[in-house]
Amino acid sequence: MNKKILLAPVLALSMGVLGSATLHAQTQAWVSSEKDNTITLVDLGQGKVTGTVPTCKRPRHMQLSPDRKQMLVACSDSNAADVIDLATHKSVRRVPLGDSPEIFDVSHDGKTFFASNEDDAELSFIDASSGKKTGQVKVGKEPEGVKVSPDGQTVFVTSEVASMVHVIDIATKTIKKNILVGKRPRRFAITPNGQELWVSNELGASVSVISLKDYSVLATIALQLKGARESDITPIGLVMTQDGKRAYVTMGRANHVAFIDVASRKITDQVLVGKRPWSVALSADESKLYVVNGLSDDMTIVDTVKARALVSIPVGRVPHTVVLTN
């Protein structure tokens, strides 16, 4: 039976609130703030903001470099990725990503950026060292989500307008297949066994499950919430547990996160978080889920074992993405 958990009032975290079990391999959360042009740093042990890192204009998607020594930040209004040294918190260079980059991914060897350019309706290939564009592939209008396959040979791109996932061969820079999914697809997650690609459909109130063997749509998981209209359920962020048994999906305007059993494709729990949850990240031991809420300007920490929200921490104006670091 689905459970709706009411969020506790915003309060200052302490070790007593979180408990000693929250000392994970990750010790810090980096949260991009679109309106402040900064990244907010949160100490996960103390549960409080410890500072900010300045970056380029309108920082959105972030991810660690393959060697985990740098934070890569897509800045839509700077048309570039800011490369920030994790040890010094200083920007070391900028990599052009084309007009209005939204989401990007990086090749497994760290040599190539793959960036979705919304205004140009294309996926750009960019040399990470020189910053030069080495190719582009035209895709459907308003591309957003970008994900490199586990074998590094393919990159997947969502087109919000076409309601498609484009399967692109990296070596030939050509589209291998276009997959029709739900309305306005946004983000991806790949099951740890490499067999399925999950896609959040923002205006379809659903998640599409795609076979990575033949690119067929295996299932469509409808997201529902008691008392909410379908139009209020706008899923975006996705993350999987390491064993591939559970997925977490943010529900957008419904202000909840759904816990989904991967095998049965059923919702097992729903937790109330902040307004318009977008991005999610799991702690190393997977006991905590960190949820960035774009319209309440905070990050909610969720206990995944008890399926309840613990606290929300202010993290800047219009936070977009959360990444956990050592």
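Please refer to the structure higher up on the page.
Residues numbered from 1 in each chain as written. Predicted model: local features only at pLDDT ≥ 70, side-chain atom pairs only at ≥ 80, totals over all residues. Heavy atoms only, no water.

Caption draft 1: Seen up close, the overall build of the chain. When helices and strands are counted, the chain shows one helix and 29 strands. By the compact-globule yardstick of 20 Å for 326 residues, the chain fits well, its C-alpha radius of gyration being 18 Å. Principal-axis analysis of the C-alpha atoms gives the chain an extent of 55 × 45 × 30 Å. For the chain, with 326 residues in total, the buried portion stands at 58%. A separation threshold of at least 6 residues defines the contact pool for the chain, and within that pool the share at least 24 residues apart is 42%. Accessible surface computed for the chain: about 13,400 Å², of which carbon and sulfur atoms make up 49%. Averaging the positions of the 39 positive and the 34 negative side-chain charges in the chain gives two centres separated by 3 Å. (Helix = DSSP H or I, 4+ residues; strand = E, 2+ residues; numbered from the N terminus. Rg over C-alpha atoms; globule rule 2.2 N^0.38 Å. Buried < 20%, exposed > 50% of the residue type's maximum accessible area, 1.4 Å probe, protein only. Contact = heavy atoms within 4.5 Å. Areas by Shrake-Rupley, 256 points an atom, 1.4 Å probe, with all protein chains shown as cover. Lys, Arg positive; Asp, Glu negative; His and termini not counted. Charge placed at Lys NZ, Arg CZ, Asp CG, Glu CD.)

Caption draft 2: Region of interest: unusual backbone geometry. Of note, the phi angle at Arg68 is positive, near 60 degrees, even though the residue is not glycine. Mapped onto the fold, Arg68 is located in the loop between β5 (59-64) and β6 (70-75). Given a relative accessible area of 43%, Arg68 falls into the partly exposed group. Residue Ala121 is not a glycine yet carries a positive backbone phi of 50 degrees. For Ala121, the location among the structural elements is in the loop between β10 (112-117) and β11 (122-127).

Caption draft 3: A look at the side chain of Glu202. Mapped onto the secondary structure, Glu202 falls in the loop between β18 (196-201) and β19 (206-211). For Glu202, the side chain forms a polar contact with the side chain of Arg186, separated by 2.4 Å. Side chain to side chain, Glu202 and Arg276 meet in a polar contact 3.3 Å long. Setting aside anything within four residues of it in sequence, one finds Glu202 in contact with Lys183, Arg184, Arg186, Ile233, Thr234, Pro235, Ile236 and Arg276. (Polar contact = N/O pair within 3.5 Å; in protein donor to acceptor, adjacent residues only side chain to side chain.)

Caption draft 4: Spotlight on the pattern of salt bridges. Following the criterion strictly, the structure yields 16 salt bridges and no others. The salt bridge partner of Arg184 is Glu202, with a shortest N-O separation of 2.7 Å. Remark: Glu202 occurs in the loop between β18 and β19 and Arg184 occurs in the loop between β16 (174-180) and β17 (185-190); sequence separation between them is 18 residues. (Salt bridge = Lys/Arg side-chain N within 4 Å of Asp/Glu carboxyl O.)

Caption draft 5: Region of the structure containing the sheet that holds strand β25 (residues 277-282). With antiparallel pairing, the four strands of this open sheet are ordered in space as β25-β26-β27-β28. Edge positions in the open sheet fall to β25 and β28 (308-314), since each of these has one partner strand only. Averaged over neighbouring strand pairs, the angle between their axes works out to 25 degrees when direction is ignored. The pairing of strand β26 (residues 288-293) with strand β27 (residues 298-303) spans six bridges and is antiparallel. If you follow Lys288 over to β27, its bridge partner there is Asp303. (Pairing = 2+ DSSP bridges. Axes fitted to C-alpha atoms, helices over the stretch in contact; angles between N-to-C directions.)

Caption draft 6: Examining the state of the cysteines more closely. As enumerated under the stated definition, the model contains one disulfide in all. The side chain of Cys56 participates in a disulfide bridge whose partner is Cys75; the two sulfur atoms lie 2.1 Å from each other. Here Cys56 and Cys75 share a disulfide; its torsion about the S-S bond, 75 degrees, makes the bridge right-handed. Taken together, the residues span a long stretch of sequence, with Cys56 in the loop between β4 (48-54) and β5 and Cys75 in strand β6 at a distance of 19 residues. Each member of the pair, Cys56 as well as Cys75, carries the same accessibility label: buried. (Disulfide = S-S within 2.5 Å.)

Caption draft 7: Main features of the packing of aromatic side chains. Applying the stated criterion across every chain, the model contains five aromatic pairs. Seen from their ring centres, Phe114 and Phe125 are 5.2 Å apart, and the 85 degrees between their planes marks the pair as edge-to-face. On the criterion of sequence distance, the pair formed by Phe114 in strand β10 and Phe125 in strand β11 is long-range, its members being 11 residues apart. Owing to a relative accessible area of 2%, Phe125 belongs among the buried residues under this scheme. (Phe/Tyr/Trp six-rings, centres within 6.5 Å; stacked < 30°, edge-to-face > 60°.)

Caption draft 8: Inspection of the sheet that holds β19 at higher detail. Reading across the sheet, the four strands line up as β17-β18-β19-β20 and stay open at both edges, with antiparallel pairing between neighbours. The open sheet has two edge strands with one neighbour each: β17 and β20 (217-222). Each strand axis lies, on average, 20 degrees off the axis of its neighbour in the sheet, ignoring direction.

Caption draft 9: Seen up close, the layout of surface pockets. Looking at the largest pocket, its volume works out to about 1,400 Å³. Around the largest pocket sit 46 residues that line it, and Gln63, Lys147, Leu238, Val239 and Val280 are the ones nearest its centre. Among the elements of the structure, β5, β9 (101-106), β13 (143-148), β17, β21 (238-240), β25 and β29 (319-325) are those that each provide at least two residues to the lining of the largest pocket. Class assignment of the residues belonging to the lining of the largest pocket gives a composition of 24 nonpolar, 16 polar and six charged. (1 Å grid on protein atoms, 1.4 Å probe; cavity = no way out; pocket = protein on both sides within 12 Å on 5 of 7 lines; lining within 4 Å. Points joined across faces, edges and corners; volume = space filled by probe spheres on them. Nonpolar A, V, L, I, M, F, W, Y, C, P; charged D, E, K, R; others polar.)

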